[in-house]
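Observations on chain architecture
One letter stands for each residue in the lines below.
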Amino acid sequence: MTQLVRSRAELAAARVRSSGVAGVVMTMGALHDGHRELIRVARDRCELTIVTVFLNPLQFGAGEDLSRYPKTLESDLALCTAENVDIVFAPTVSEVYPESEPQVRVSAGPLGDVLEGASRPGHFDGVLTVVAKLLHLTGAGVAYFGQKDAQQLLLIRRMVKDLDFPCEVVAVPTVRDPDGLALSSRNGYLSAEDRTVALALSRALRAGAAAAPEGPAAVRRVTADVLRDQSGVDVDYLVLADPVNLHDVPEDFAGAALLAVAARVGTTRLIDNLVVTLGGR
Ligand code: PAF
């Protein structure tokens, strides 16, 4: 049976009663099939599955969508119950940050200043700070994150490695609607028309990936062309980058590269990516 816990004390008590390796899926709520997939992978591999539902104010900048972010705890709980999650930890802001905003935070460093970080200053410091706290509070041995948030995943891996967290980080492939749209809690902001426009992101990434045999310049050109041809897509960045350091890959790069895009469609900022294998030339 899924147990809902709201406080650190309740979480600690629930953890004392449980044994075995715990897997955690961290979320901000508004759960969808992408989260369901993370939960299923965790469920298959761990003795205990914990889902955290916490809308973390620290990772939102002024003017971002914190106030309009969907809050759907009841249906989130129903999904967790259907997926046999053991514990749902859904704390309040003051439970996570009892002293108000924490004075000491995890710094994402230079990798946190590019791409998403360039558009959302301080975002990744906020993400890493809450992920560090939730790893400590849940005592999870394995944490599952989606590949859709590729830069977040990279930074969490770096934090766990650089700061010796006793935890494994597992990446789970992006879940898409049948028409290609990457699932995101923010898709709910899209009007029917915006949603059609938003399909250009995955279409562009697929077209770019198909140009991989012609090399990085072709991948970038083809991807950009598809995005340019779709009116209503306001591209923030489009990169073909080394997934280890996020530097643009040179023309002779061989191996897996991250083709990533961020764009605004209507009032909604969307991100998506594909891993593209380049042959080197
Ligand atoms: O990916 C998210 O939903 C959030 O950034 C996370 C990892 C739950 C931290 O708030």
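Structure first, text after, so check above.
Here is what the cut-offs are and how they apply
Residues numbered from 1 in each chain as written. Predicted model: local features only at pLDDT ≥ 70, side-chain atom pairs only at ≥ 80, totals over all residues. Heavy atoms only, no water. Near = heavy atom within 4 Å. Polar contact = N/O pair within 3.5 Å; in protein donor to acceptor, adjacent residues only side chain to side chain. Areas by Shrake-Rupley, 256 points an atom, 1.4 Å probe, with all protein chains shown as cover. Helix = DSSP H or I, 4+ residues; strand = E, 2+ residues; numbered from the N terminus. Buried < 20%, exposed > 50% of the residue type's maximum accessible area, 1.4 Å probe, protein only. Axes fitted to C-alpha atoms, helices over the stretch in contact; angles between N-to-C directions. Parallel < 35°, antiparallel > 145°, perpendicular 65-115°, else oblique. Left-handed = near helix turned anticlockwise from the far one by under 90°. Contact = heavy atoms within 4.5 Å. Nonpolar A, V, L, I, M, F, W, Y, C, P; charged D, E, K, R; others polar. Pairing = 2+ DSSP bridges.

Some points on the site of the ligand
Taken together, Met26, Thr27, Met28, Asn56, Gln59, Val130, Phe145 and Gln152 make up all the residues around the ligand. With respect to the ligand, the side chain of Gln59 contributes an N or O atom lying 2.6 Å from an oxygen atom. Between the ligand and Gln152 there is a distance of 2.7 Å, counted from an oxygen atom to a side-chain nitrogen or oxygen. Protein contacts shield 89% of the accessible area of the ligand, which totals 290 Å² for the unbound molecule.

Considering the side chain of Thr138
Mapped onto the elements of the fold, Thr138 is located in helix H6 (residues 123-138). Thr138 gets classed as buried once you look at its relative accessible area, which sits at 1%.

Regarding the packing of helix H8 (residues 192-210) against helix H9 (residues 216-229)
The N-to-C vectors of H8 and H9 enclose an angle of 155°; their axes lie 8 Å apart at closest approach. On the basis of the axis angle, H8 is roughly antiparallel to H9. Both H8 and H9 take part in a crossing whose hand is right-handed. Touching Ala200, Leu201, Arg203, Ala204, Leu205, Ala207 and Gly208 of H8 are Val219, Val222, Thr223, Val226 and Leu227, all from H9. Per-class residue counts for the contact of H8 with H9 are 9 nonpolar, 2 polar and 1 charged.

Observations concerning the sheet that holds strand S6 (residues 168-172)
Pairing between the strands of a sheet comes from backbone hydrogen bonds, and it takes one of two forms, parallel or antiparallel. Read across the open sheet, the 6 strands follow the order S1-S4-S3-S2-S5-S6; overall the sheet is parallel. What marks the edges here is a single partner per strand, and that holds for strand S1 (3-5) and S6. Direction aside, the axes of adjacent strands within the sheet are offset by 25° on average. The strands touched by H6 within the sheet are strand S2 (22-27), strand S3 (48-53), strand S4 (87-89) and strand S5 (142-146), with S2 carrying the most contacts at an inclination of about 145°.

A few points about unusual backbone geometry
The backbone of Asn84 sits at a positive phi, close to 60°, despite the residue not being glycine. Among the structural elements, Asn84 can be located in the loop between helix H3 (73-82) and S4. Overall, the relative accessible area of 52% leaves Asn84 in the exposed class. At Leu246, a position not held by glycine, the phi torsion is positive, near 65°.

Just geometry here; none of it tells us what the structure is for.
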